[in-house]
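Residues per chain, in single letters:
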Amino acid sequence: MKKKEIKILLVDDEQDILEIVGYNLAQEGYQIVTAVNGKEAVQKAKKELPHLIIMDVMMPEMDGMEACEHIRKIPELSNVIVAFLTARSEDYSQVAGFEAGADDYIAKPIKPKVLVSKVKALLRRLKEDEAKSDVLNVGNIEVNREEYKIIQGGKEIVLPRKEFELFYLLASKPGKVFKREEILDKVWGNEVVVGGRTIDVHIRKLREKIGDDLFKTIKGVGYKLEV
């Protein structure tokens, strides 16, 4: 996954922290989204589906611990990496953070370069997850990328390569609204595609072959496109 495709949600009630941390991570090429409290963090996480969330603990309206617990209950965010960046460095606070579902606990103050290195280390987990993601299991569906097979209830569904790759992409991010450019890049790569509605045609064919019920199993919204 390229840096420009990685989205990071920064959550802190101190604007200067958001600006400093956001600036340094944006300089590395990451997409940056911000929120100023836990309640907004949950809303932004649902909407943006970030790969990494860096969150303060002590915030108004909803603190980081509670926000993390809410985020961990959202199916679309089950694999998101969550790290607390906070001035609270007590052992009991760190334990509470991990019990709330955090993957890491970073103490303030921290030098920007060190934080960037920590972020890179956390994001290496994305590559590890991608390496393990040849087989997706969504409900009673198994999608085997290595063998180009879709198995539903013991029955194999055979699809042409491009339609399979399209379905795999949609199933890998249930709930995500994909831009056409993103689908073209991930499924067709540098190949020449004739016609601006190529994706629509492939999705129509895909739905005809596998049926709407199968789309509903992957939450029925993964095939939405951003025009």
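Residues numbered from 1 in each chain as written. Predicted model: local features only at pLDDT ≥ 70, side-chain atom pairs only at ≥ 80, totals over all residues. Heavy atoms only, no water.

An unreviewed UniProt entry lists the protein under the name Response regulator transcription factor, from Flavobacterium azooxidireducens.

**A closer look at the packing of aromatic side chains**
Definition in use: Stacked, tilted and edge-to-face are the three classes applied to pairs of Phe, Tyr and Trp rings, where Trp contributes its six-membered ring and a pair requires centres within 6.5 Å; stacked means planes under 30 degrees apart, edge-to-face means over 60, and tilted covers the rest. Helix and strand definitions follow DSSP, with helices as H or I runs of at least four residues and strands as E runs of at least two, each counted in order from the N terminus. Only protein chains enter the accessibility calculation, which uses a 1.4 Å probe; a residue whose area is less than 20% of its type maximum is buried, one above 50% is exposed, and one in between is partly exposed.
Under the defined criterion, the tally for this structure stands at two aromatic pairs. Aromatic pair Phe164 and Tyr168: ring centres 6.4 Å apart, planes at 25°, arrangement stacked. A residue pair is termed a helical-turn pair when its members lie 3 or 4 positions apart in one helix, as Phe164 and Tyr168 do in helix H6 (residues 161-172) at four residues. Here Phe164 falls in the buried class, since its relative accessible area comes to 1%. With a relative accessible area of 7%, Tyr168 lands in the buried category.

**Description of H6**
Under the convention used in this document: Multiplying 1.5 Å by the helix residue count minus one yields the expected span of that helix.
For H6, with twelve residues, the first-to-last C-alpha span of 16 Å sits near the 16 Å given by 1.5 Å per residue. Taken across its twelve residues, H6 has nine buried, putting it largely inside the fold. Residues of H6 that are buried: Glu163, Phe164, Glu165, Leu166, Phe167, Tyr168, Leu169, Leu170 and Ala171.

**Observations concerning the sheet that holds strand E4 (residues 81-86)**
Paired through their backbone hydrogen bonds, the strands of a sheet run either parallel or antiparallel. Applicable threshold: Two strands pair if DSSP finds at least two bridges between them. Axis definition: a line fitted to C-alpha atoms, limited for helices to the stretch in contact. Angles are taken between N-to-C directions and run from 0 to 180 degrees. We call two residues contacting when some pair of their heavy atoms lies within 4.5 Å.
Spatial ordering of the open sheet is given by E2-E1-E3-E4-E5, a layout of five strands whose pairing is parallel. Bordering the open sheet on either side are strand E2 (31-35) and strand E5 (104-107), each of which pairs with just one other strand. Adjacent strand axes in the sheet meet at a mean angle of 20° when their direction is disregarded. Relative to E5, E4 is paired through four bridges, and the arrangement is parallel. By the bridge assignment, Thr86 is partnered in E5 with Ala107. Its contacts with the sheet place helix H2 (residues 38-48) against strand E1 (7-11), E2 and strand E3 (52-55), and it is angled at close to 145° to E2.

**Re the nonpolar core**
Quick reminder of the rule: We define the nonpolar core as a collection of buried residues of types Ala, Val, Leu, Ile, Met, Phe, Trp, Tyr and Cys that are connected through side-chain atoms lying within 4.5 Å of one another.
Counting residues in each nonpolar core, the largest one holds 25 residues, and the members touching the most others are Leu9, Val11, Ile53, Met55, Ile71, Leu77 and Phe84. Counting only elements with at least two residues in this core, the list comes to E1, E2, H2, E3, helix H3 (64-72) and E4. At four residues, the largest contribution of residues to this core is made by H3. Residues in contact with Phe84, not counting those within four places in the same chain, are Met55, Asp56, Val57, Gly64, Met65, Cys68, Gly97, Ala102, Asp104, Tyr105 and Ile106.

**Points about the confidence of the model for the protein**
Do not read the fine detail of predicted coordinates wherever pLDDT is low. This is how the line gets drawn: Residue-level confidence of the predictor is what pLDDT reports, using numbers from 0 through 100.
Taken as a whole, the protein shows an average pLDDT of 81; of its residues, 84% reach a score of 70 or greater. Confidence drops under a pLDDT of 50 for residues 219-223, and excluding neighbours within four residues, the segment shows 14 contacts in the predicted structure.

**A look at the environment of Tyr105**
Rules: Two N or O atoms form a polar contact when they lie within 3.5 Å of each other; inside protein one atom must be a possible hydrogen donor and the other a possible acceptor, and for residues adjacent in sequence the pair counts only when both atoms belong to side chains.
Within the secondary structure layout, Tyr105 lies in strand E5. In the structure, Tyr105 is positioned 20 residues away from Leu85 in sequence and 6.3 Å away in space, judged by C-alpha atoms. Polar side-chain contacts of Tyr105 include one of 2.7 Å to the side chain of Ser93.

**Some thoughts on the UniProt feature "modified residue: 4-aspartylphosphate" (unreviewed entry) in the protein**
This is how it is decided: UniProt positions are given in the numbering used here, feature names are shortened, and annotations may be inferred rather than shown by experiment.
If you check UniProt for "modified residue: 4-aspartylphosphate" (unreviewed entry), the listed places come out as Asp56 in our numbering. Looking at the secondary structure, you find Asp56 in the loop between E3 and H3. Owing to a relative accessible area of 6%, Asp56 belongs among the buried residues under this scheme. Here Asp56 is in contact with Val11, Asp12, Asp13, Gly64, Phe84, Leu85, Thr86 and Lys108, once residues within four sequence places are set aside.

**A closer look at the pairing of strand E8 (residues 149-152)**
Both strand E7 (residues 141-144) and E8 contribute to a ladder of four bridges, which runs antiparallel. Its bridge partner lying in E8, Glu142 is registered against Ile151. Taking the residues that link successive antiparallel strands as the turn, the E7-E8 hairpin has four residues, and the phi of Tyr148 there is positive, at about 55°. Bridge count for E8 against strand E9 (residues 155-157) is three bridges, and the pairing is antiparallel. By the bridge assignment, Gln152 is partnered in E9 with Lys155. Hairpin connection from E8 to E9: two residues lie between these consecutive antiparallel strands, with Gly153 at a positive phi of about 60°.

**Topic: the pattern of salt bridges**
Quick reminder of the rule: Throughout this description, the term salt bridge denotes a Lys or Arg side-chain nitrogen within 4 Å of a carboxyl oxygen of Asp or Glu.
One pass over the structure, following the stated rule, counts eight salt bridges. Residue Glu28 pairs with Lys120 through a salt bridge whose shortest N-O separation is 3.3 Å. With Glu28 in the loop between helix H1 (15-27) and E2 and Lys120 in helix H5 (residues 112-131), this pair connects stretches of sequence that are 92 residues apart. Since its relative accessible area comes to 26%, Glu28 is described here as partly exposed.

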